[in-house]
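Read off the chains here:
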Amino acid sequence: MAHHFANEIPTRLLMWQRVRAYAVPPFMIETATARRAVGDWAGACAAARIDVDFDLRAVADRHGTDLTTRLRADLRRLAPDLLRWHMPRIAPDGRLRPGLTLTLARYGHSGAAPLSLVVRTPPAWADAGQRMSLAVWEGRGDPVRGRPAHSHPHPRPERRFRLDLHRHLWDATRSDDLARRSGAGRPDVTGASTAIGPPGVCGALDEPHLQDGPWAVDRWAAEAEALLRAEGVPPRGGRGAFTVRLGAGRRAVLELVAPDDSHAPTLRPLRTTLPPQRVAALPVLPDAAARTLPDLELLRAGLITAERLHPLVARALAAPASAGASGSEGASSPAPTGGPLSMTGDPHRVECGGEVHRIALRDGMLTAVDHDQVTLRREGLLVALGGPGLPCLRAIDAVHRNPEALPAVRERLRHGDVAGALAVVEGLLGPAAVLRDGPLREELVAAAARRIDHGLFRAGLVAEHPAAGARADAARGSDASRTASADTSRRPRLDRRTPSVIRSKRNSRFRPRTGVYR
C-alpha cells in the first residue's frame with residue numbers, strides 16, 4: 001500500500017505552513033504598507049509590533065548628519081512586516097528565535113566606533129506578543145542613548161543570523177531580488193562530493209541530509225563570495241575559507257576556489273585541518289544563504305498558494321512559482337480561518353427535546369433562539385443547583401469553555417496576534433459574552449500574564465530569567481533552596497553586580513514611597 005502524501009511532508013514544512021498562516025496576519029501587512037507608503041517608518045514599525053530603541057537626533061549628535069541621512073534612508077526603505085516574515089524561527093511552534101541580535105545594515109566606521117542597524121528579539125521568558133526592537137549598535141556594547149546593552153541577553157550581533165548581505169529580505173526596494181538570490185528559477189542541485197576530514201564536521205557535500213534537507217548547496221559558492229568580500233577577506237590566489245553550520249555540533253569547513261576571472265567560483269572541502277580556534281574565527285555563511293527559502297519549499301510542495309504569501313514575496317516568486325508548481329500534485333491548504341468550528345452557520349441547529357432548535361448571536365451574545373427568557377432563566381437555575389441542562393444550554397456552555405476553534409486561538413496568541421484571537425472569540429461568542437472557566441479563558445488569562453513579563457523586561461526591571469536564581473540555589477543544595485524560599489520577602493542588596501538600570505530606579509528620588517519619613 002502506498003504511503004499517504006501527508007505522511008511524507010517534513011515537519012519543518014508543517015511548521016512553516018502554520019507560521020505563514022498566523023505569524024504575520026494580513027491586517028498587519030496592510031497597515032504597515034499604508035504607513036510606509038506615506039513615509040511614516042515609525043508607524044510602520046508600530047504596526048508590525050517593532051519597538052524603536054534609538055533617537056535619530058542622538059545619532060546625529062554622536063555620528064554626524066551624513067551617517068544619519070543614510071540611516072534615515074534605510075528606515076524609509078524598511079518594510080517591517082517583510083522583516084517579520086523572514087525572521088529566523090525555532091521549532092516546534094515557529095516562534096521568533098529568542099534572544100537574538102540580527103544585523104540589518106552596516107555603516108562602516110564613524111569616528112571611533114562602527115555603527116550597525118540591528119533588530120533584537122526578547123528572551124524566551126519575555127517573548128509575549130512576539131515583539132521585536134530596532135536599535136543602533138555601536139560595536140562597544142552601548143546602544144545610542146537607548147536601553148543599556150546588559151538588558152538584552154545577547155546584545156552583540158550574531159554572525160550566523162545577519163541580513164546586511166540580504167537586503168531583499170527587509171528592504172522594500174530590493175524585494176524583487178528574492179527570486180534571483182533564492183534560486184527560484186534554478187533546479188535543485190548539490191555541490192561537490194569530496195569528503196571533509198576533520199571530526200565533528202560534515203563528511204561530504206553530497207550527503208543525503210544535504211540533498212533532502214533545507215540546504216541550498218548550489219548557492220553557497222556565490223553567497224560565500226559575497227560574504228568574504230563584505231568581511232574584507234580577499235581570497236589569496238582565488239581561495240577563501242568559511243564555515244557553514246549544519247546543526248548542533250556539526251559544521252562544514254569549505255574553501256572557495258576561483259581559477260580565474262572568467263570562471264565562476266566553486267566550492268571544495270578545506271584540504272588542511274585547522275585548529276578549533278581558527279575554525280571559530282572563520283567567516284560564517286548566514287542561515288539566509290545556507291538554507292532554501294521556506295516559501296519556495298512550501299510552493300514546491302503545494303502546501304501554500306501564491307495568494308497567501310506576503311505581497312512582496314508573491315510578486316518576486318510569481319513566475320518561478322507558477323513554473324515550479326505546475327507539476328505538483330500536492331493540494332494546497334485552505335486559507336486560514338477561525339478554525340475547524342462546527343458552529344459555522346447562523347443559526348446553528350441543535351437537537352433539543354425531540355426538536356431542532358437554533359443557536360445564534362443575539363444582542364452580542366450566543367443564545368438559544370427557540371427558548372424564551374423565562375425558560376432559559378429556569379433552566380439556568382436548575383443547572384446551578386446541579387441538575388441536567390437543556391441540550392441548547394449544554395452546547396452554548398461547551399462553546400464558551402472549550403470551543404473547536406481553540407487551536408486557532410492558541411496559534412494566534414502564540415504568535416502575538418491578540419487582536420486576531422479576540423476577533424475569533426467574538427465571532428464565536430459575541431462581543432458581549434462573559435467567558436466561563438475552561439481552556440479558552442485559561443489561554444487568554446495566560447497570554448495577558450505573559451505580556452506583563454515582557455513589559456518588565458522592556459522596562460529593565462528584570463535583568464535575568466526569574467527562575468535563574470531558583471535554579472542556582474537548587475544546584476547548591478536543598479538547604480540553600482529552603483533558605484532562599486524563606487528569604488524571598490527580603491529586599492536584595494545593591495552591589496557591583498546589580499545592573500545600573502535597576503540601581504538607578506531604586507536610588508531615584510522620584511520613585512513612589514510607601515513609608516512616612518520625617
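All of the points below concern the structure found in this document. Remember, it's a predicted structure, so these values are computed and weren't measured experimentally.

Rules used throughout
- Residues numbered from 1 in each chain as written.
- Predicted model: local features only at pLDDT ≥ 70, side-chain atom pairs only at ≥ 80, totals over all residues.
- Heavy atoms only, no water.
- Helix = DSSP H or I, 4+ residues; strand = E, 2+ residues; numbered from the N terminus.
- Buried < 20%, exposed > 50% of the residue type's maximum accessible area, 1.4 Å probe, protein only.
- Areas by Shrake-Rupley, 256 points an atom, 1.4 Å probe, with all protein chains shown as cover.
- Arc of directions from axis to C-beta.
- Pairing = 2+ DSSP bridges.
- 1 Å grid on protein atoms, 1.4 Å probe; cavity = no way out; pocket = protein on both sides within 12 Å on 5 of 7 lines; lining within 4 Å.
- Points joined across faces, edges and corners; volume = space filled by probe spheres on them.
- Nonpolar A, V, L, I, M, F, W, Y, C, P; charged D, E, K, R; others polar.
- Axes fitted to C-alpha atoms, helices over the stretch in contact; angles between N-to-C directions.
- Parallel < 35°, antiparallel > 145°, perpendicular 65-115°, else oblique.
- Contact = heavy atoms within 4.5 Å.
- Core = buried A, V, L, I, M, F, W, Y, C linked by side-chain atoms within 4.5 Å.
- Phe/Tyr/Trp six-rings, centres within 6.5 Å; stacked < 30°, edge-to-face > 60°.
- Salt bridge = Lys/Arg side-chain N within 4 Å of Asp/Glu carboxyl O.
- Patch = residues over 30% accessible without salt bridge, like charges linked within 9 Å, V, L, I, M, F, W, Y side chains within 5 Å.

**Let's talk about the overall build of the chain**
Reasoning step 1: On a plain count of helices and strands, the chain comes out with 21 helices and 12 strands.
Reasoning step 2: Evaluated residue by residue, the chain yields a buried proportion of 45% over its 518 residues.
Reasoning step 3: About 27,500 Å² of surface is accessible on the chain, with carbon and sulfur atoms providing 53% of the total.

**Some points on helix α4 (residues 56-63)**
Reasoning step 1: Of the residues making up α4, those classed as buried are Leu56, Ala58, Val59 and His63. In an axial view of α4, the angular spread of the buried residues amounts to 155 degrees, which keeps them on one side of the axis. Along α4, exposed side chains directed more than 90 degrees from the buried face belong to Arg57 and Asp61.
Reasoning step 2: Of the residues trailing α4, Gly64 is marked for its positive phi of about 95 degrees.

**Notes on unusual backbone geometry**
Keep in mind that most residues, glycine aside, have a negative phi and that most peptide bonds are trans.
Reasoning step 1: Across the junction of Ala91 and Pro92, the peptide omega takes the value 5 degrees, indicating a cis bond.
Reasoning step 2: Relative to the elements of secondary structure, Pro92 occurs in the loop between β2 (89-90) and β3 (95-96).
Reasoning step 3: Here Arg49, not a glycine, exhibits a phi torsion of approximately 60 degrees, which is positive.
Reasoning step 4: Relative to the assigned elements, Arg49 resides in the loop between α3 (41-47) and β1 (50-52).
Reasoning step 5: Given a relative accessible area of 11%, Arg49 falls into the buried group.

**Some words on the pairing of strand β6 (residues 132-137)**
Reasoning step 1: With 6 of 6 residues buried, β6 is to be regarded as a mostly interior element.
Reasoning step 2: Here β6 shows no split at all, with Met132, Leu134 and Val136 on one side and Ser133, Ala135 and Trp137 on the other all buried.
Reasoning step 3: The pairing of β1 with β6 spans 3 bridges and is classified as parallel. Bridged to Asp51 within β6 is Ser133.

**Describing empty space enclosed by the protein**
Reasoning step 1: Overall, the coordinates contain 5 cavities of 30 Å³ or more when judged by the stated rule.
Reasoning step 2: If you add up the space inside the largest cavity, you get close to 80 Å³.
Reasoning step 3: What lines the largest cavity is simply Arg95, Asp127, Ala128, Gly129, Leu413, Arg414, Gly416, Val418, Ala447, Arg450 and Arg451.
Reasoning step 4: Listing elements by their share of the lining of the largest cavity, those giving two or more residues are α16 (406-414) and α18 (439-459).
Reasoning step 5: With 3 residues, the single largest contributor to the lining of the largest cavity is α18.
Reasoning step 6: Residue composition of the lining of the largest cavity, by class: 4 nonpolar, 2 polar and 5 charged.

**A short note on the environment of Leu165**
Reasoning step 1: Within the fold, Leu165 resides in the loop between β6 and α7 (178-182).
Reasoning step 2: According to the relative accessible area criterion, Leu165 is buried, its value standing at 18%.
Reasoning step 3: It is 7.6 Å that separates the C-alpha atoms of Leu165 and Ala226, two residues lying 61 residues apart in sequence.

**Side note on the packing of α16 against α18**
Reasoning step 1: At their nearest, the axes of α16 and α18 sit 11 Å apart, and the two run at 5 degrees to each other. By the angle class used here, α16 and α18 are roughly parallel. Contacts between α16 and α18 involve Leu406, Val409, Arg410 and Leu413 from the first element and Pro439, Leu440, Glu443, Leu444 and Ala447 from the second.
Reasoning step 2: Class assignment of the residues belonging to the contact of α16 with α18 gives a composition of 7 nonpolar, no polar and 2 charged.

**A few points about the nonpolar core**
Reasoning step 1: Within the largest apolar cluster, 58 residues are counted, with the highest numbers of intra-cluster contacts made by Phe54, Leu71, Leu83, Leu104, Leu117 and Leu134.
Reasoning step 2: No other element matches helix α13 (residues 311-324), which puts 5 residues into this core.
Reasoning step 3: When neighbours within four sequence positions are excluded, Leu117 is seen to be in contact with Phe54, Leu71, Leu75, Leu102, Thr103, Leu104, Ala105, Tyr107, Leu134 and Ala135.
Reasoning step 4: Ala221, Ala224, Leu254 and Ala290 belong to the second largest nonpolar core, which has 18 residues in total.

**Concerning the packing of α4 against helix α5 (residues 65-77)**
Helix packing for two helices is described by the angle between their axes and how far apart those axes are.
Reasoning step 1: Contact geometry for α4 and α5: axes closest at 7 Å, N-to-C directions at 145 degrees. Note on element contacts: α5 touches α4 through Thr65, Leu67, Thr68, Leu71, Arg72 and Leu75, opposite Leu56, Val59, Ala60 and His63.

**A word on the packing of aromatic side chains**
Reasoning step 1: Taken as a whole and assessed by the stated rule, the structure comprises 2 aromatic pairs.
Reasoning step 2: When the centroid spacing of 6.1 Å and the interplanar angle of 85 degrees are considered together, the rings of Trp125 and Phe457 count as edge-to-face. Of this pair, Trp125 sits in the loop between β5 (113-120) and β6 while Phe457 sits in helix α18; the two residues are 332 residues apart in sequence, bridging distant segments of the chain.
Reasoning step 3: Relative accessible area serves as the criterion here: at 17%, Trp125 is assigned to the buried category.

**Regarding the pattern of salt bridges**
Reasoning step 1: Inspection of the entire model under this criterion finds 26 salt bridges.
Reasoning step 2: Asp53 is paired through a salt bridge with Arg458; the nearest N and O atoms lie 2.7 Å apart. Linking Asp53 in the loop between β1 and α4 with Arg458 in helix α18, this pair joins segments that are 405 residues apart in sequence.
Reasoning step 3: Judged by relative accessible area, which is 24%, Arg458 ranks as partly exposed.
Reasoning step 4: Linking Arg219 and Glu223 is a salt bridge whose minimum nitrogen-to-oxygen distance equals 3.9 Å.
Reasoning step 5: Residue classification places Glu223 among the buried residues on the basis of a relative accessible area of 8%.

**Quick word on a nonpolar patch on the surface**
Reasoning step 1: On the surface, Ile452, Leu456 and Leu461 cluster together to form a nonpolar patch covering roughly 260 Å² of accessible area.
Reasoning step 2: On the secondary structure map, Ile452 appears in helix α18.
Reasoning step 3: Judged by relative accessible area, which is 54%, Ile452 ranks as exposed.

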